[in-house]
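Results of the structural survey
Okay, here's what each chain looks like letter by letter:
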Amino acid sequence: MLELDLSRPSRTRRNQKRAQRLSCCIAALLPLLATSLAHAQVESVAANEAPQAPSAAASAAKRTLPPPAKPASVSKANEQPAQLERVELSGKASDEVARRASTASKIVIGREEIERFGDSTVGEVLKRLPGVTTGGRPGRGGEVRMRGMGSGFTQILVNGERMPPGFSLDQLPPDQVERIEVMRAPTAEFGARAVAGTINVVLREALAKRLNEVRMGVSSERSQLRPNASWSRSDKLDEHGGAYTLSINAQQGDTLDELNSRSLTRNLNTQAESSLLTQGRTQASRKGLNLNARLQWKLGEGENFNLQPFVNAARGSSDNAQTFSRTPAQPTDGSYFFDRSSAQSNSRFDMMRLNSQWTKTLDESQRIELRAGLGRAQAQSDTFTQEYLGAPGSAAIRTQQDRSDSRDRSWSLNGKYSNQMENEHSLVAGMEAEGTQREQNRDCLQNGSTCRGQLEFGDLLSAGTQRLAAYVQDEWSVGKQWSFYAGLRGETIATRSQSSAQEVKNRSNVWTPLLHGVWKLDEKSRDQIRASLTRSYRSPNVQDLIAQPSINSFYPCPDGQLCGANTIDHPDRAGNPNLLPELATGIDLAYENYLSKGGILSVSAFVRQISNLIRNDTRLENVSWANTQRYVTRPQNIGNAKTYGVELEAKFRLDEFIDEAWPVQVRSNLSLFRSSVDGIPGPNNKLDQQPSATANLGADYRLRSLPLRLGGSINWTPANTVQQSLETEANTSRKIVLDAFALWNIDRDMSLRLSANNLAPLDYSNGSQTLTSDSLITKSSSGASYTQWQLRLEIKI
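Residues numbered from 1 in each chain as written. Predicted model: local features only at pLDDT ≥ 70, side-chain atom pairs only at ≥ 80, totals over all residues. Heavy atoms only, no water.

1. Some remarks on the overall build of the protein chain
What the protein chain contains, in helices and strands, is 7 helices and 34 strands. When each of the 797 residues of the protein chain is scored for burial, the buried share is 47%. Summed over its atoms, the accessible surface of the protein chain is roughly 39,000 Å², and 55% of this surface lies on carbon and sulfur atoms. (Helix = DSSP H or I, 4+ residues; strand = E, 2+ residues; numbered from the N terminus. Buried < 20%, exposed > 50% of the residue type's maximum accessible area, 1.4 Å probe, protein only. Areas by Shrake-Rupley, 256 points an atom, 1.4 Å probe, with all protein chains shown as cover.)

Structure representation (structure tokens):
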């Protein structure tokens, strides 16, 4: 690998001019070098990947390549042929080149960027991207959201496939990831269930060259150690183009957290107040094992087959203790109360998935691809809770044991046909089928007897979902400055569940037209403008459709009797089988400038008009388990919403703009979001969990005098307030996360990385305020965040 590190310009004017001329020459030669290497890779190791029907942009680039020189013939018959060592050249387009060449807006994050900060979760890697935010405590990862939109608006894929319930990106270590593709607008091939966008995590790929890496590390937070180790190996399977990759990761993590919460209720008629203060402490431990592999065989000329097994296993345990302080000491509304509780939990999650892919190149312009997948997952949990009232050492006044066992089976079939036509059109058509089946069993014992809710609604639930989709897309170029993409996708999703108490059926059909375009300001220009007009949707998740009623434990039902009333801040919960999918019409515009020394300056804007918005809504209902109306929280289609925003990104080398500067790599972005929900009063009638902004600033530099690279980044999300309904307003505190790393290259094959996450820890908090006709209920919870240190040894064998 050729690495260029341009040092500080010379002090003399003559040397400055020489350095500038050298930089210009290098910048001009790099694209040609990358093209030549890519061409050499196709000739030398074409067996590593199945040939693909080239896109319109690729075919245009192909015409500009000169034909390869023919080898000189040997003129003398008696001359012995020279024995030459086999040399393999492999070229790979940079992340910026892949981003620039895509007609649909796409950000590609490769191995170098993924490894840069030594993050322990994929979520921590994603938080530094433009417009991406994560939920949860600072430094702990959490739900990944694009453009601040939570609640499933962001489509998360692994190798282009959806994962089963219970799987989280936090369970996937970055060591096992080859690249991350972030698509801001939907495409027909990846699916239109992406109102905010799509994040596709691609696991390690099979390589024809040998790779053997070992990584061992340990991290610490509050003196809780978290060891981890991983091994990755790639090599050839045979001399006919077969290759494989195997990656294994094992990790263990212990956490210790405190969480304090307070609830204050004021009666607006009498001004009387009651409060509940909760202090909790949780000690948790988690162990995880991840394995993924990719095996690839070349069956014949232009024909390939590969298998991709993926295994994820996790074990967890926790011990929670809480104390409760009430004013007045005994509630007057008839609710159940206690002053101490303890809970011990154990959980396990196992997932196995096997994907297969067969590709066949029919001729120079046509290719077919078939994919099939099978998956199984099982999640189990066991929680034993004891509640006390009175002096320490007294017997528990109530015990409850909850056991749940969920088993998921899934299958998928996909077929795709690609045709690179002579008129610059690249046509792709495909069909997809997918099925999932869940069997869920819950066993609940309260004081040794079956729980009332289980008797009412049953303990066994069976649910299945079938999805059928068909799509067609065309990508073409008009001259050397215009590229277009047009796609159409139709999708049908049917859900059915059965339990002893009810049967639920739901079916939705969605058609999504998609248009993308790119205009290069000049044939040789590094500037281009993107535009997209799309339709996307979010289908209700299975749990929202089929969830059985759950009776609030603060207002339980007396034995053998119907329940009484409850309060708005302690509602029962249930699903809604009548939910409709959320539909969104979107417009995206972007300007991109690709810099000569690598990097990009861009500004993009988006608008989404959403109909049938789904939100959890708490209402008084007549229910079968009570003799009066009770408050019940269900997901509801509440109406329409609109969101829009601007995303700025600057990724560059500092000496690109400042002549005397060191070649520091700078990465920065700023995103601004706005939204409004019809029917809810402002000014904070925003989409759930969407902040007003998010920003990142990071830099790293490789020292010339030492084999050392230093870097740091800061992530900022401001405090946020959302009016969730006519009665309830929710708020979250600001989040600032400061990370840093130091990478010492001991030699060519060994390095030592020290990283720190959340260097300036801040307390975090969230809360809500609910106003009804006769009461004001204010809730808040807060806790501390902590710095996590990690030391990791990386060895290439």
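2. What to know about empty space enclosed by the protein
Picture a little ball the size of a water molecule; that probe, rolled over the atoms, points out where space is still empty. Inspection of the entire model under this criterion finds 11 cavities of 30 Å³ or more. Empty space within the largest cavity amounts to approximately 280 Å³. Taken together, 22 residues form the lining of the largest cavity, with Glu-113, Arg-128, Leu-129, Arg-667 and Asn-669 sitting closest to its centre. Looking at the lining of the largest cavity, the elements that each hand over two or more residues are strand E1 (106–109), strand E24 (630–653), strand E25 (665–677), strand E26 (693–702) and strand E27 (708–717). The element that contributes the greatest number of residues to the lining of the largest cavity is E26, accounting for 5 residues. Looking at the lining of the largest cavity residue by residue, the classes come out as 9 nonpolar, 6 polar and 7 charged. Approximately 90 Å³ is the volume attributed to the second largest cavity. (1 Å grid on protein atoms, 1.4 Å probe; cavity = no way out; pocket = protein on both sides within 12 Å on 5 of 7 lines; lining within 4 Å. Points joined across faces, edges and corners; volume = space filled by probe spheres on them. Nonpolar A, V, L, I, M, F, W, Y, C, P; charged D, E, K, R; others polar.)

3. What about the state of the cysteines?
Using the criterion set out here, one finds 2 disulfides in the structure. Each sulfur of the disulfide joining Cys-557 and Cys-563 lies 1.3 Å from the other. When its relative accessible area of 11% is taken as the criterion, Cys-557 is described as buried. Sequential numbering of the bridged cysteines in the protein chain gives the disulfide pattern 1-2, 3-4. (Disulfide = S-S within 2.5 Å.)

4. Points about the packing of aromatic side chains
Evaluation of the coordinates by the stated rule reveals 11 aromatic pairs. When the ring of Trp-482 is compared with that of Trp-519, the centres are 5.6 Å apart and the planes differ by 20 degrees; the resulting orientation is stacked. Of the two residues, Trp-482 sits in strand E18 (residues 482–499) while Trp-519 sits in strand E19 (residues 503–520), which places them 37 residues apart along the sequence. Trp-482 gets classed as partly exposed once you look at its relative accessible area, which sits at 39%. Take Trp-519: its relative accessible area is 31%, and that puts it in the partly exposed class. (Phe/Tyr/Trp six-rings, centres within 6.5 Å; stacked < 30°, edge-to-face > 60°.)

5. Let's talk about the nonpolar core
Core analysis: the largest hydrophobic core is formed by 36 residues, its most contacted members being Leu-126, Ile-180 and Ile-610. Residue assignment for this core shows that the elements contributing at least two residues are E1, helix H5 (122–126), strand E3 (144–146), strand E5 (177–183), strand E6 (197–203), strand E12 (340–361) and strand E23 (600–621). In contact with Leu-126, other than residues within four places in its own chain, are Val-132, Val-144, Leu-169, Ile-180 and Ile-199. (Core = buried A, V, L, I, M, F, W, Y, C linked by side-chain atoms within 4.5 Å. Contact = heavy atoms within 4.5 Å.)

6. With respect to the pairing of E24
As judged from the 2 bridges shared by strand E21 (residues 572–573) and E24, these two strands associate in the parallel manner. For Asp-572, the partnering residue across the bridge sits in E24 and is Val-632. The pairing of E23 with E24 spans 20 bridges and is classified as antiparallel. By the bridge assignment, Arg-619 is partnered in E24 with Val-632. Pairing analysis gives 13 bridges linking E24 to E25, with the strands arranged antiparallel. Of the residues in E25, the one forming a bridge with Tyr-644 is Arg-674. (Pairing = 2+ DSSP bridges.)

7. Observations concerning the confidence of the model for the protein chain
Taken over all residues, the pLDDT of the protein chain has a mean of 85, while the share at 70 or more is 86%. Counting interchain partners and residues more than four positions distant, the pLDDT-below-50 stretch residues 1–91 has 93 contacts. (pLDDT = per-residue confidence, 0-100.)

8. Things to note about the pattern of salt bridges
Across all of its chains, the model carries 69 salt bridges by this definition. The salt bridge involving Asp-257 is made with Arg-140; its shortest N-O contact spans 2.9 Å. On the criterion of sequence distance, the pair formed by Asp-257 in strand E9 (residues 243–267) and Arg-140 in the loop between strand E2 (132–134) and E3 is long-range, its members being 117 residues apart. Since its relative accessible area comes to 24%, Arg-140 is described here as partly exposed. With its nearest N and O atoms 3.0 Å apart, the salt bridge here joins Glu-592 to Arg-530. Highlighted residues: Glu-592 in strand E22 (residues 582–594) and Arg-530 in strand E20 (residues 527–538), separated in sequence by 62 residues. Assigned by exposure class, Glu-592 and Arg-530 land together as buried. (Salt bridge = Lys/Arg side-chain N within 4 Å of Asp/Glu carboxyl O.)

9. Overview of the sheet that holds E6
Sheet architecture is open: 4 strands sit in the order E1-E5-E6-E4, paired in mixed fashion. Each edge of the sheet is formed by a strand with only one pairing partner; in this case those strands are E1 and strand E4 (154–158). Adjacent strand axes in the sheet meet at a mean angle of 15 degrees when their direction is disregarded. (Axes fitted to C-alpha atoms, helices over the stretch in contact; angles between N-to-C directions.)

10. Topic: the pairing of E27
In the sheet, E26 pairs with E27 via 8 bridges, with the strands oriented antiparallel. Looking across to E27, one finds that Arg-702 is bridged to Arg-709. From the end of E26 to the start of E27, which pair antiparallel, there are 5 residues. Relative to strand E30 (residues 735–747), E27 runs antiparallel, the two being bridged by 10 bridges.

11. Comments concerning the side chain of Glu-647
Within the secondary structure, Glu-647 sits in strand E24. A distance of 3.4 Å separates the side chain of Glu-647 from the side chain of Arg-147, its partner in a polar contact. For Glu-647, the contacting residues outside a window of four places in its chain are Pro-130, Gly-131, Arg-147, Arg-184, Ser-602, Val-603, Ser-604, Phe-606, Leu-670, Ser-671 and Phe-673. (Polar contact = N/O pair within 3.5 Å; in protein donor to acceptor, adjacent residues only side chain to side chain.)

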